[in-house]
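# Residue-level structural notes
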Amino acid sequence: MKKAKMRKLLLLILILPAMLLAGCSKEEEQVVLESVSITDAGVQMKVGEEHQLEFSYLPSGIERPAAQWVSSNSTVATVNADGLVKAMKEGTATITLTATSQGIVLTDECTITVTNVEATAITLSENTLELKAGETFDLHYTIEPENTTVKDVE
């Protein structure tokens, strides 16, 4: 019986460290930001319009990264801290997203193309007019739509 107790004790001494090691878990791997992507590849806008940019990120289970938006040409398109773009004048601008999470910084870009709002109609203040030699008259006009960006009239 003494031998059986010794075997059990020896077995316990050999198994106990293995059980302790098995019970200790490795440190959990930290899940970090892997990628960010602006959901709009390219945006076409008319002067005066606004467009909300959004972005996705992976892995999606992490806390939403902090985002910073910047326009390469704010005379063409501005962007606010929330990704709202406003078309200012005809041209092209690149909007850059910088996303930061747990010290990881990733970027993505989107091209904004802004075009003018074309006139659809011109209305004159008078359709017919009779003038005698030497008389003058100020003829007025209205361009539609009101937000037309090109208002040159000859």
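Just above, that's the structure.
One structure accompanies this document, and this report is about it. Here the structure is a predicted model, which means the values were calculated and not measured. (Residues numbered from 1 in each chain as written. Predicted model: local features only at pLDDT ≥ 70, side-chain atom pairs only at ≥ 80, totals over all residues. Heavy atoms only, no water.)

### What to know about the overall build of the chain
Put simply, the rule is: Numbering of helices and strands runs from the N terminus; a helix is a DSSP stretch of H or I covering at least four residues, while a strand is a stretch of E covering at least two. Throughout, exposure labels follow a simple rule: accessible area from a 1.4 Å probe, protein chains only, divided by the maximum for the residue type, with under 20% read as buried, over 50% as exposed, and the rest as partly exposed. Whether two residues are in contact is decided by their heavy atoms: any pair within 4.5 Å suffices.
When helices and strands are tallied, the chain shows one helix and eleven strands. Listed N to C, the secondary structure of the chain is α-β-β-β-β-β-β-β-β-β-β-β in terms of helices and strands. Across the 154 residues of the chain, 20% fall into the buried class. Intrachain contacts of the chain at a sequence separation of at least 6 include 52% that bridge at least 24 residues.

### Here's the deal with the nonpolar core
Here is a general trend for soluble globular proteins: nonpolar side chains tend to be buried in one another's company. To be explicit about the condition: We call a set of buried residues a nonpolar core when its members are Ala, Val, Leu, Ile, Met, Phe, Trp, Tyr or Cys and they connect through side-chain atoms within 4.5 Å of each other.
Membership of the largest hydrophobic core comes to 23 residues, with the highest contact counts inside it found for L53, W69, V85, I95 and I112. Of all the secondary-structure elements, those providing two or more residues to this core are β1 (35-38), β2 (42-46), β4 (55-58), β6 (77-79), β7 (84-87), β8 (91-101) and β9 (104-115). With four residues, the single largest contributor to this core is β8. Filtering out sequence-adjacent residues up to four positions away, I112 remains in contact with V43, M45, A77, V85, G91, T92, A93 and I95.

### Focus on the sheet that holds β6
Definition in use: For two strands to be treated as a pair, DSSP must find at least two bridges joining them. Note on definitions: angles span 0 to 180 degrees between N-to-C directions of axes, and those axes are lines fitted to C-alpha atoms, for helices only across the stretch in contact.
Spatially, three strands are ordered β3-β7-β6 in an open sheet, and the strand pairing comes out antiparallel. Of all strands in the sheet, those with a lone pairing partner are β3 (50-52) and β6, marking the two edges. The sheet shows a mean angle of 20° between the axes of neighbouring strands, direction not considered.

### Topic: the sheet that holds β9
Ordered in space as β2-β9-β8-β5, the four strands form an open sheet in which the pairing is mixed. Of all the strands in the sheet, the pair left with one neighbour each is β2 and β5 (66-71). With direction set aside, neighbouring strand axes in the sheet form an average angle of 25°. Both β2 and β9 contribute to a ladder of five bridges, which runs parallel. Within β9, the position partnered with V43 by the bridge is I112.

### Examining the packing of aromatic side chains
The condition is simple: Centres within 6.5 Å are what make two rings of Phe, Tyr or Trp a pair, Trp counting through its six-membered ring; a difference in plane orientation under 30 degrees is then read as stacked, over 60 as edge-to-face, and the rest as tilted.
Under the definition given, this model contains two aromatic pairs. On the numbers, 6.2 Å between centres and 45° between planes, the contact of F55 with Y57 is tilted. We note that F55, like Y57, is buried. Between F55 and W69, the ring centres sit 6.1 Å apart and the planes meet at 65°, which makes this aromatic pair edge-to-face. Taken as a pair, F55 in strand β4 and W69 in strand β5 lie far apart in primary sequence, 14 residues in all. Considered together, F55 and W69 belong to a single accessibility category, that of buried residues. Among the aromatic residues, those joined into a ring-pair cluster are F55, Y57 and W69.

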